[in-house]
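Descriptive analysis of the structure
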Amino acid sequence: MKWILKFRLSSPLQDQYDNLAIHTSKGIEFLDKYANFIRDRLAIETEYAAKLRRLAKNYQPKKKEEDDNEFTSHQAFRNVLKEINDLAGQREVVAESLQLQIIQGITLLSKTLREERKKCLSNGTYLQQNLSSQLSALERAKRNYEKAYRDSEKAVDNYKKADMDLNLSRAEVERYKNIMTAKIQQSDDAKNEYANQLQKTNNLQQQHYNELLPEVFNRLQELDEKRTRGIREFIIGAADVESSVAPIIARCLEGMVKAGESINEKEDSYKVIERYQSGFTPPTDIPFEDLSKQDPESSQESHYNNVQSSHLTVKGTISANRIKKRVGIFNIFGSNKNSLTADGQKEDFSDLPPNQRRKKLQAKIAELQQKIAQETAARDGLMKMKVVYEANSSLGNPMTVEGQLNESEHKLEKLKIDLKKYQGYLERANQIPMASNSPQANRNNLHNGHRVSRHSNGSTEDNNEDGDDQPDDGGSLSRSDSEDNVAQIQNGHNNNNNGSSASPESGLGTSHTSLPGSGQGSAHDNAMGEDAYYETEMELLQPLGTCRALYPFEATSEGSIPMNEGEVLQVIEIDQGDGWTRVRRLNNTNGWDEGFVPTSYIECTLYA
C-alpha cells in the first residue's frame, strides 16, 4: 500500500510531507551510523590480526633454541604459532572484505540516497509552492467576487430607491440605472473569474494530490525501501564475510588440536637420551688398596695411576680436553682460531663424546653433499650456457661464463676436499669402541689382526711385531691431537710411538717426505719442549717435484704461504688427503720459504 493512501485518511498531506522528509533524513543517518559501526569493527579486526602476528613473532624460537626443535613439544608449539599466523591472516581477510564489500557499498548507497532525496524534496517543494500560489489566486478571486457582488447589490438598491423617489428627475434615475448595470456587470465578471480560478485551482489541487505529490511520495518510499533493503544486505554480507573464513579458522583450530596430539612424551625422552648419550661406560669399581701388603713406593705409584685414570671417567671426560696440545712448527689448523667452528667447537668435533661427534659429522657430511649437488647443478648450467654462447655469439660472450665456470669448479673441488676430510673424520669416529673406558680410542686401524700404518704414497704395510707400531698419519692436518694426549695419559706416561708426533696440528705426518728425524726419537726427546722440536724440524727436505700455481693464494693462517698465479714452487710434501700440499720457494732475503698451499690451487709435476 502506498504512503499516499494511508495519509489521505488522516492528517493533511502537507504535514505528512514534512514528516516523510524528516523520516527519510533519519533513515540515511541510520545508514551512516551502521557504516561507522562497520568501520569500528574493521579497526578492531585489523588490530586483532596485527596483535596475533606480533604474538606469533615474539614467541618464534630463537636461533640459539634450534637444537630444541627436534622435540615434539617444541614442534607442536611451532605449528600452533603457524596456525596463529593463519588466524591473523583470516582476520585480515575479514577486515579487507568488510572494507571492500560493506564500507564502500554503504558509502555509495548513502551518497545515492542523499542525491535522490534532495531531488524528491526539491520537486515536492516546487509542487507545494505551486499549489499554494494557486490557492492564493483563488482566494483573491473570491474576495474580488464578494466585493463586486456587494457593490452590485448596493447599486440595485440605490436604483430602486431612485426609481421610487418622485422628486428625482428622469436623468438622475437613469444615472442610478447605469451604475447598477455596471456594478452587476462587474459582479458577473468577478464571478466568472472566481469560477475560472476555482476550477483551475481544483484541477491543480486534484492533480497535485492524486498524481504529482503521490509520485514524489512513491519516490521517497522507494528511496527508503532501498535504504532498508541495503541495510539488510549489508548485515547479511558482513555475516557472510565472517562465515566465509569460518571453515579456514576451523581448520586452524583443528591444526592446533593435531599439534597438541602430536606431542609424544616417550619420543621426547628418547631424543633427550640420544642428545646427551656420550657413549662412555661408567667407571669400574675402585679397587681396595691394602697398604699393609704394599711398599710405600708402589702405593704412591698406584695412587698416581688411579688419580690419572679418574680423569677418563664420564665426569672427567671434559677435563681431558683441557690438556695442553703441542703445536707444530707451521701450526696449520692447530690454533684455536682455525680449529674451531662457528659455534666454538673443534673442526673434527673431537671435543664431543663419541655419539655426539658421530651425529655432528654425519650432519656436516649431509650438508656438504647438498652443497656439492647444488654447485654441480650450477656448474652444469654454466657449461650449457657456454655451449649456447659458443654456438650463437649474438646471445653472449662465452668468455664471460669462463670465469664463473672456473670459480664454480674451484668451489666444487674445495667442497669435495672438505667432504673427503669429514668422511675420514667419521670413519675414524666409527672405529672408536663404545664400551671403552677411555673417551677416545687408539687411532691405529686394525686390518686382519695386524697394525696398519699408512704412508704419504697411499701404501700400507702390516706389522706383526707389537714393538714396531707406526703412527697413523692418514688424518688431515686440521685434526685435533686431543685423542693422542688422552690415550697417552691413560697409560700413565707419554707414548709417542718411537718419538713420532702423529698429531695433525704439528703439520707433519710420518710420511716418507716428512722432515728428517720426525719419525725417530724417544719419549725423552719429546720432553725437551718445542725449542728442540723446532731445531729438528728446520732441516731441509729434498724436493719431490715442482708445481705451478693455477690461482693466486693469500696466506690467511699460520703455516701457509702466499703465491701468485703462474708461480713455480718446489713440492717437498705431497697432499696427505687433507687438501694441502707443502711447498718451498727460494727467497733471496731469508733463504728458503716453506709452507702449505691448497692442492686445488696448483698443478704438480713429480719427479720420476
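Per chain, residue numbering runs from 1 following the sequence as it is written. Local features in this predicted model are restricted to residues of pLDDT 70 or higher, and side-chain atom pairs are both shown and tallied only at a pLDDT of 80 or more, whereas totals for entire chains, interfaces and linings draw on every residue. Where side-chain values are given, they derive from all heavy atoms of the structure, hydrogens and water being excluded.

**Here's the deal with the overall build of the protein chain**
Along its length, the protein chain carries 13 helices and 8 strands. Here the protein chain holds 608 residues, and 39% of them are scored as buried. What sets the accessible areas is the Shrake-Rupley method with a 1.4 Å probe; for residues, cover comes only from the shown protein chains. Carbon together with sulfur atoms contributes 51% to the accessible area of the protein chain, which is approximately 36,100 Å² in total. Helix and strand assignments come from DSSP, with helices taken as H or I runs of at least 4 residues and strands as E runs of at least 2, each series counted from the N terminus. Note on classification: 1.4 Å probe, protein chains only; a residue is buried when its accessible area is under 20% of the maximum for its type, exposed when over 50%, partly exposed between these limits.

**Quick look at the nonpolar core**
Ranked by internal contacts, the top residues of the largest apolar core, which has 30 residues, are Leu31, Tyr34, Leu87, Leu98, Ile102, Ile106 and Phe234. Elements that contribute at least two residues to this core include exactly α2 (13-58), α3 (72-164) and α4 (170-261). Take this core: its biggest share by element is 12 residues, from α3. The residues touching Ile106, leaving out its near neighbours within four places in the chain, are Leu31, Tyr34, Ala35 and Phe234. What makes a nonpolar core is a set of buried Ala, Val, Leu, Ile, Met, Phe, Trp, Tyr and Cys residues whose side-chain atoms join them at distances within 4.5 Å. Should any heavy atoms of two residues lie within 4.5 Å, those residues are considered in contact.

**So, the pattern of salt bridges**
Pairing is possible between side chains that carry opposite charge, provided their charged atoms lie close to one another. Salt bridges are defined by distance alone: a side-chain nitrogen of Lys or Arg within 4 Å of a carboxyl oxygen of Asp or Glu. In total, this model carries 24 salt bridges according to the counting rule given. With a shortest N-O distance of 3.9 Å, Lys226 and Glu116 are connected by a salt bridge. With Lys226 in helix α4 and Glu116 in helix α3, this pair connects stretches of sequence that are 110 residues apart. Note that Glu367 and Lys371 form a salt bridge whose closest N and O atoms lie 3.3 Å from each other. Taken together, the residues span about one helical turn, with Glu367 and Lys371 both in helix α9 (residues 354-391) at a distance of 4 residues. By relative accessible area, which is 37% here, Lys371 ends up partly exposed. Taken together, the salt bridges that share partners define one network made up of Arg41, Glu45, Arg91 and Glu242.

**Points about helix α5 (residues 265-276)**
A helix is expected to span 1.5 Å multiplied by its residue count minus one. With 12 residues, α5 should cover 16 Å at 1.5 Å per step; its first-to-last C-alpha distance of 17 Å lies within 8% of that length. Listing the buried residues of α5 in full gives Asp268, Lys271 and Arg275. All buried residues of α5 project into a common sector of 60° when viewed along the axis, lining one side. Turned more than 90 degrees away from the buried face of α5 sit Lys266, Tyr270 and Ile273, all of them exposed. Close packing links the buried residues of α5 with α3 and α9. Pairing of N or O atoms within 3.5 Å defines a polar contact, subject to two protein rules: one partner must be a possible hydrogen donor and the other a possible acceptor, and residues neighboring in sequence count only if both atoms are side-chain atoms. One side-chain oxygen at the N-terminal end of α5 lies 3.0 Å from the backbone nitrogen of Lys266; it belongs to Asn264. To be clear, the arc concerns the directions from the helix axis to the C-beta atoms.

**A look at the side chain of Ser152**
Locating Ser152 in the fold gives a position in helix α3. Once you skip the residues sitting within four places of it in the chain, Ser152 turns out to touch Lys183, Ile184 and Ser187.

**Structural notes on a nonpolar patch on the surface**
Without a salt bridge and with relative accessible area above 30%, a residue can belong to a patch; like charges are then joined within 9 Å and nonpolar side chains (Val, Leu, Ile, Met, Phe, Trp, Tyr) within 5 Å. A cluster of nonpolar side chains, namely Leu55, Tyr59 and Phe77, defines an oily patch on the protein surface of about 310 Å² accessible area. Looking at the element boundaries, Phe77 is found in helix α3. A relative accessible area of 40% means that Phe77 is categorised as partly exposed.

**A word on the packing of α3 against α4**
When two helices pack together, you describe them by how their axes are tilted relative to each other and by the distance separating the axes. One can describe the packing of α3 onto α4 by two numbers: an axis separation of 6 Å at closest approach and a directional angle of 170°. Put simply, α3 runs roughly antiparallel to α4. Side-chain classes follow a simple rule in which Ala, Val, Leu, Ile, Met, Phe, Trp, Tyr, Cys and Pro form the nonpolar group, Asp, Glu, Lys and Arg form the charged group, and the remainder, Gly included, forms the polar group. Across the contact of α3 with α4, the residue classes break down as 49 nonpolar, 23 polar and 19 charged. Only the stretch in contact is used when fitting a helix axis, every axis being a line fitted to C-alpha atoms; angles between N-to-C directions are given from 0 to 180 degrees. Relative orientations are named as follows: roughly parallel for angles under 35 degrees, roughly antiparallel for angles over 145 degrees, roughly perpendicular for angles from 65 to 115 degrees, and oblique for any other angle.

**Quick word on the sheet that holds strand β8 (residues 602-606)**
With antiparallel pairing, 5 strands are arranged side by side in an open sheet as β7-β6-β5-β4-β8. Lying at the two open borders of the sheet, with one neighbouring strand each, are β7 (591-598) and β8. Taking each pair of neighbouring strands and ignoring which way they run, the sheet shows an average axis angle of 35°. Sheet analysis places strand β5 (residues 568-573) next to strand β6 (residues 580-587), joined by 3 bridges and oriented antiparallel. Directly across from Gln570, in β6, lies its bridge partner Arg584. The pairing criterion for strands is at least two bridges between them, as found by DSSP.

**Some remarks on α3**
Taking 1.5 Å per residue as the helical rise, α3 with its 93 residues ought to reach 138 Å, and the 134 Å between its terminal C-alpha atoms agrees with that figure. Working definition for bend: take the seven residues up to and ending at a residue and the seven starting at it, fit an axis to each, and measure the angle between the axes. Along α3, the sharpest change in direction is near 35° and occurs at Gln99.

**Focus: the packing of aromatic side chains**
Whether two aromatic rings pair depends on their centres lying within 6.5 Å, for rings of Phe, Tyr and Trp, where Trp uses its six-membered ring; planes under 30 degrees apart make the pair stacked, over 60 edge-to-face, and the rest tilted. Following the criterion strictly, the structure yields 7 aromatic pairs and no others. With a centroid separation of 5.9 Å and an interplanar angle of 35°, the aromatic rings of Tyr34 and Phe37 are classed as tilted. With Tyr34 and Phe37 both in helix α2 and 3 residues apart, the pair spans about one turn of that helix. What makes Phe37 partly exposed here is its relative accessible area of 48%. The interplanar angle of 75° and the centroid separation of 5.7 Å between the aromatic rings of Tyr551 and Tyr601 together place this pair among those described as edge-to-face. Of this pair, Tyr551 sits in the loop between β4 (545-549) and β5 while Tyr601 sits in the loop between β7 and β8; the two residues are 50 residues apart in sequence, bridging distant segments of the chain.

**So, the confidence of the model for the protein chain**
pLDDT gives the predictor's per-residue confidence on a scale running from 0 to 100. Scored by pLDDT, the protein chain has a mean of 74; 70% of the residues are at 70 or more. The least confident element of the protein chain, judged by mean pLDDT, is strand β2 (residues 450-454) at 36; the most confident is β4 at 92. Throughout residues 3-13 the model reports pLDDT below 50, and contacts reaching past four residues in sequence, or to other chains, amount to 19 contacts. Predicted confidence is poor over residues 435-538, with pLDDT under 50, and the contacts of this stretch with residues over four places away or in other chains come to 220 contacts.

**A few points about the side chain of Arg584**
Within the fold, Arg584 resides in strand β6. Exposure remark for Arg584: the relative accessible area of 4% places this residue in the buried category. Reaching out from Arg584, the side chain makes a polar contact with the side chain of Glu594 at a distance of 3.2 Å.

**Notes on the environment of Phe234**
Assignment of secondary structure puts Phe234 in helix α4. Classification of Phe234 as buried rests on a relative accessible area of 11%. Counting along the chain gives 200 residues from Phe234 to Tyr34, while the straight-line C-alpha distance between them is 9.2 Å. The residues touching Phe234, leaving out its near neighbours within four places in the chain, are Leu31, Tyr34, Gln101, Ile102, Gly105, Ile106 and Leu109.

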